[in-house]
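What the coordinates show
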Amino acid sequence: MSKKNIFIFPGDEIGPEITTEAIKIIDFLNESKMTDIHYEFGDVGGASLDKYNKPITDETLEKARKSDAVLLASVGTPKYDNNTRELKPEHGLLVLRKHLNLYINIRPIFVFNTLSEFSSLKSELINDLDLVIIRELIGDVYFGEPRGFKDVNGDKVGYNTMQYSESEVQRITKFAIDIALKRNKHITSVDKANVLECSQLWRQTVDRIMEGHSNIDLQHMYVDNAAMQIIKNPKQFDVILTPNLFGDILSDAASMLTGSIGLLPSASLSETIGMFEPIHGSAPDIAGKGVVNPIAMILSLAMMFEYTFDRQDLARIIKKSVDDVLESGYFTKDLSQNDYITTNEMGDKILESIKKLC
Ligand code: IPM
Ligand code: MN
């Protein structure tokens, strides 16, 4: 593999702990000459507020944009809960997604069969579950204008704008089609078209783009029903295509099927760059205790190899190593309250397993 420059955001709270475990793997791959990855660190969220009084700086945004890929751990800390929106940690992440034009968010929901008993659902409902959420990431009510607070006859009002343009829906739908063609050719598009104009345009646009793809089975589903169906019968889904806000909520719900949100990675893509991050947040309640599960972060690294560097071999080795370690009965505290190994130990176990497979 030619030399690659990646930009790493350890971020907030548990972020640095899980970053350490991913870096161990990168260092090993570099030492054994399987990769030539140079990495540089940057600050986002609370970590950036601490230093620069901004949740991300322009210089950092540009450095990230010029890299070959970005790895991000987690953003958010209660320390800045009372800040106004533009000075909240999460704003840094949203600006970063927008700056890098990461309109595609891929959230694979899969179950390690060793862990099926950890799911809140019966094992037969989730054994061999394999669905993928394709979430539009830089539109919707997250970014719509106008937004803010106003005074209406002495009553304070907070407001946002939920909106999608045809071109935004079109590009994410095209991506969902590409993914569906490589999978079981079934797309469930989520909306709330019985109530929202924004969703009506979403649905019409999805229908229009899907014309000519009669080999793909398309279904529209209202988001409330989708939330129910994900819990009732998750194996009915293959590709879930969703607007930003609904995707945020549905992906947290779907993550619970797998036993722990600490297991799931994600990829956010533009036409030119990818950013890879766990789908979980910064978990302030467990930060600094050595109990966080580093697997979502390590699997995010695997997704970086898969989607940006075209190294399916390394992605497979990392995934297999995680599987083997879980299979051997080693769990972090999110999965096993009484008998668990630390973040560091889990990282080491996975690394040992990678070394055996390389
Ligand atoms: C996610 C997170 C973010 C989101 C937050 C941290 C802004 O919940 O990636 O799902 O809402 O997109
Ligand atoms: Mn979320």
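Residues numbered from 1 in each chain as written. Chains lettered and ligands numbered in written order. Predicted model: local features only at pLDDT ≥ 70, side-chain atom pairs only at ≥ 80, totals over all residues. Heavy atoms only, no water.

**Brief notes about helix H7 (residues 197-210)**
Every α-helical turn comprises 3.6 residues, leaving residues that sit three or four positions apart pointing alike. Over its 14 residues, H7 runs 20 Å from end to end, which matches the ideal 20 Å to within 8%, given 1.5 Å per residue. Those residues of H7 that are buried are in contact with strand S5 (130-136), helix H6 (166-182), strand S8 (186-191), strand S9 (217-222), strand S10 (239-242) and helix H9 (244-255). Within two residues after H7, Gly 212 carries a phi angle of roughly 90°, on the positive side. (Helix = DSSP H or I, 4+ residues; strand = E, 2+ residues; numbered from the N terminus. Expected span 1.5 Å × (residues − 1). Contact = heavy atoms within 4.5 Å.)

**Some details on the side chain of Ser 336**
Within the secondary structure, Ser 336 sits in the loop between helix H11 (312-327) and helix H12 (343-357). Residue class for Ser 336 comes out buried when judged on its relative accessible area of 14%. A distance of 2.7 Å separates a polar side-chain atom of Ser 336 from the backbone oxygen of Asp 339. (Buried < 20%, exposed > 50% of the residue type's maximum accessible area, 1.4 Å probe, protein only. Polar contact = N/O pair within 3.5 Å; in protein donor to acceptor, adjacent residues only side chain to side chain.)

**Looking at the environment of Ile 23**
When you line up the elements, Ile 23 lands in helix H1 (residues 15-31). For Ile 23, a relative accessible area of 12% corresponds to the buried category. When the C-alpha positions of Ile 23 and Tyr 39 are compared, they lie 9.2 Å apart, and in sequence the two are 16 residues distant. Apart from the residues lying within four places of it in its own chain, the contact partners of Ile 23 are Ile 8, Tyr 39 and Phe 41.

**Some points on the pairing of strand S7 (residues 155-159)**
The pairing of strand S6 (residues 148-152) with S7 spans 5 bridges and is antiparallel. Looking at S7, one finds that Val 152 is bridged to Asp 155. Between the end of S6 and the start of S7, which pair antiparallel, lie 2 residues, with Asn 153 showing a positive phi angle near 50°. (Pairing = 2+ DSSP bridges.)

**Thoughts on the site of ligand 1**
Near ligand 1, the surroundings consist of Glu 90, Leu 93, Arg 97, Arg 107, Arg 135, Tyr 142 and Asp 248. In this structure, Arg 107 approaches ligand 1 through a side-chain N or O atom, which is 2.8 Å from an oxygen atom. At a separation of 2.9 Å, an oxygen atom of ligand 1 approaches a polar side-chain atom of Asp 248. Across the complex, the protein chains shield 78% of the 320 Å² of accessible surface that ligand 1 would expose by itself. For the shell around ligand 1, the element with the highest residue contribution is helix H4 (residues 89-99), accounting for 3 residues. Looking at side-chain class alone, the shell around ligand 1 contains 2 nonpolar, no polar and 5 charged residues. Split by domain, the shell around ligand 1 shows at least three residues from each of two domains, domain 1 (1-108 + 261-358) and domain 2 (120-258). (Near = heavy atom within 4 Å. Areas by Shrake-Rupley, 256 points an atom, 1.4 Å probe, with all protein chains shown as cover. Nonpolar A, V, L, I, M, F, W, Y, C, P; charged D, E, K, R; others polar. Domains from an automatic or database assignment.)

**Description of the environment of Asn 338**
By secondary structure assignment, the location of Asn 338 is in the loop between H11 and H12. Sequence-wise, Asn 338 and Glu 306 are 32 residues apart; in three dimensions their C-alpha atoms are separated by 35 Å.

**Focus on the domain arrangement of the chain**
Under the domain assignment, the chain is made up of domain 1 (1-108 + 261-358) and domain 2 (120-258). Placing a centre on the C-alpha atoms of domain 1 and another on those of domain 2 gives a separation of 24 Å. Taken together, the 18 residues of domain 1 in the interface contact 19 residues of domain 2. Interface of domain 1 and domain 2: buried area, both sides summed, is about 1,900 Å²; carbon and sulfur atoms make up 63% of it. Where domain 1 meets domain 2, there are 5 residue pairs in polar contact (both at pLDDT 80 or more). Elements with a minimum of two residues in the side of domain 1 that touches domain 2: H4, strand S4 (104-110) and strand S11 (265-269). The greatest single-element share of the side of domain 1 that touches domain 2, amounting to 5 residues, is contributed by S4. Tallied by class, the residues present in the side of domain 1 that touches domain 2 amount to 11 nonpolar, 3 polar and 4 charged. (Buried area = accessible area lost by both parts, 1.4 Å probe.)

**Considering the packing of helix H8 (residues 223-232) against H9**
Axis angle and axis distance: for two packed helices, these are the angle between their axes and the distance between the axes, and together they describe the pair. Running from N to C, H8 and H9 point in directions that differ by 15°, and their axes come no closer than 10 Å. By the criterion of interaxial angle, the relationship of H8 to H9 is roughly parallel. The crossing of H8 and H9 is right-handed. Contacts between H8 and H9 involve Val 223, Ala 226, Ala 227 and Ile 230 from the first element and Phe 246, Leu 250 and Ala 254 from the second. Its residues assigned to classes, the contact of H8 with H9 shows 7 nonpolar, no polar and no charged. (Axes fitted to C-alpha atoms, helices over the stretch in contact; angles between N-to-C directions. Parallel < 35°, antiparallel > 145°, perpendicular 65-115°, else oblique. Left-handed = near helix turned anticlockwise from the far one by under 90°.)

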